Amino acid sequence: MATKIDKEACREAYNLVRDDGTDITWVTFKYDGSTIVPGDQGTDYEEFTRECKDDIRLFGFVRFTTGDAMSKRVKFALITWIGENVSGLQRAKTGTDKTLVKEVVQNFAKEFVISDHKELEEEYIKNELKKAGGANYDAQNE
């Protein structure tokens, strides 16, 4: 059965993360049968990492504050989580299903495909976003 996405509900969740007026910093998009729907949301990145279990696949849209001594910036990441115990067929479908998610989640600095919990570490993600962000004025202090 072809995967579908609940665009309106997912767009609402996506906009919560993008909105400077809310404390929400992450949202997940999960599978409900063959439909991608908004999952959990929260304000603490560690909560998001706990959602990434070995037997599921999900998409996460996460807000990070990055930058350096001269400027702080908000950067967004699209994280595709594929747990180690997910079947080969589901792994393969995740790539094509991500195109549906990208119809809603259109603005992000960097995209990650992760199946190892070590790669979910906040510092790793922030460093990758910082690299994608261009100028690094902290280098003058090193």
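Small disclaimer: the values here were computed from a predicted structure and weren't measured.

Caption draft 1: Local environment of the packing of aromatic side chains. Applying the stated criterion to the full structure yields 7 aromatic pairs. Ring centres of Tyr14 and Phe61 lie 4.8 Å apart, and the angle between their planes is 50°; this geometry places the pair in the tilted category. Residue Tyr14 is found in helix α1 (residues 7-18), and its partner Phe61 is found in strand β4 (residues 57-67); the two are separated by 47 residues along the sequence. Accessibility classification places Tyr14 together with Phe61 in one group, the buried group.

Caption draft 2: Region of the structure containing the side chain of Ser34. Within the element layout of this structure, Ser34 appears in the loop between β2 (26-32) and β3 (35-42). Setting aside residues no more than four positions away along its own chain, Ser34 makes contact with Met1, Ala2, Thr3 and Lys4.

Caption draft 3: Expanded view of the environment of Gly60. Residue position: Gly60 is located in strand β4. Given the relative accessible area of 0%, Gly60 is considered buried. For the pair Gly60 and Gln41, spaced 19 residues apart in sequence, the C-alpha to C-alpha distance is 9.3 Å. Other than its neighbours up to four places away in sequence, Gly60 contacts Val27, Thr28, Phe48, Ala77, Leu78 and Ile79.

Caption draft 4: Layout of helix α3 (residues 88-104). Between its first and last C-alpha atoms α3 spans 26 Å; for 17 residues at 1.5 Å apiece the expected length is 24 Å, and the two agree. The sharpest bend along α3 reaches about 35° and sits at Gly95. Within α3, the full set of buried residues consists of Thr94, Asp97, Lys98, Leu100, Val101 and Val104.

Caption draft 5: Representation of the environment of Trp81 in the model. Among the secondary structure elements, Trp81 is positioned in strand β5 (residues 72-82). Ignoring sequence-local partners within four residues, the contact set of Trp81 consists of Cys52, Lys53, Asp54, Ile56, Arg57, Leu58, Ile114, Ser115, Asp116, His117 and Leu120. A distance of 2.8 Å separates the side chain of Trp81 from the backbone oxygen of Lys53, its partner in a polar contact.

Caption draft 6: Layout of the nonpolar core. Ile5, Phe29, Phe61, Val101 and Val105 are the most contacted members of the largest nonpolar core, which totals 17 residues. Going through the elements one at a time, α1, β2, β4, β5 and α3 are the ones with two or more residues in this core. When residues of this core are assigned to their parent elements, the largest contribution, 4 residues, is made by α1. Not counting residues within four places of it along the chain, the set of residues in contact with Ile5 comprises Cys10, Thr35, Ile36, Leu100, Val101 and Val104. Of all hydrophobic cores here, the second largest spans 15 residues; its members include Val62, Ile79, Phe112 and Ile114.

Thresholds, definitions, all that
- Residues numbered from 1 in each chain as written.
- Predicted model: local features only at pLDDT ≥ 70, side-chain atom pairs only at ≥ 80, totals over all residues.
- Heavy atoms only, no water.
- Phe/Tyr/Trp six-rings, centres within 6.5 Å; stacked < 30°, edge-to-face > 60°.
- Helix = DSSP H or I, 4+ residues; strand = E, 2+ residues; numbered from the N terminus.
- Buried < 20%, exposed > 50% of the residue type's maximum accessible area, 1.4 Å probe, protein only.
- Contact = heavy atoms within 4.5 Å.
- Expected span 1.5 Å × (residues − 1).
- Bend = angle between axes of the 7 residues up to and from the residue.
- Polar contact = N/O pair within 3.5 Å; in protein donor to acceptor, adjacent residues only side chain to side chain.
- Core = buried A, V, L, I, M, F, W, Y, C linked by side-chain atoms within 4.5 Å.

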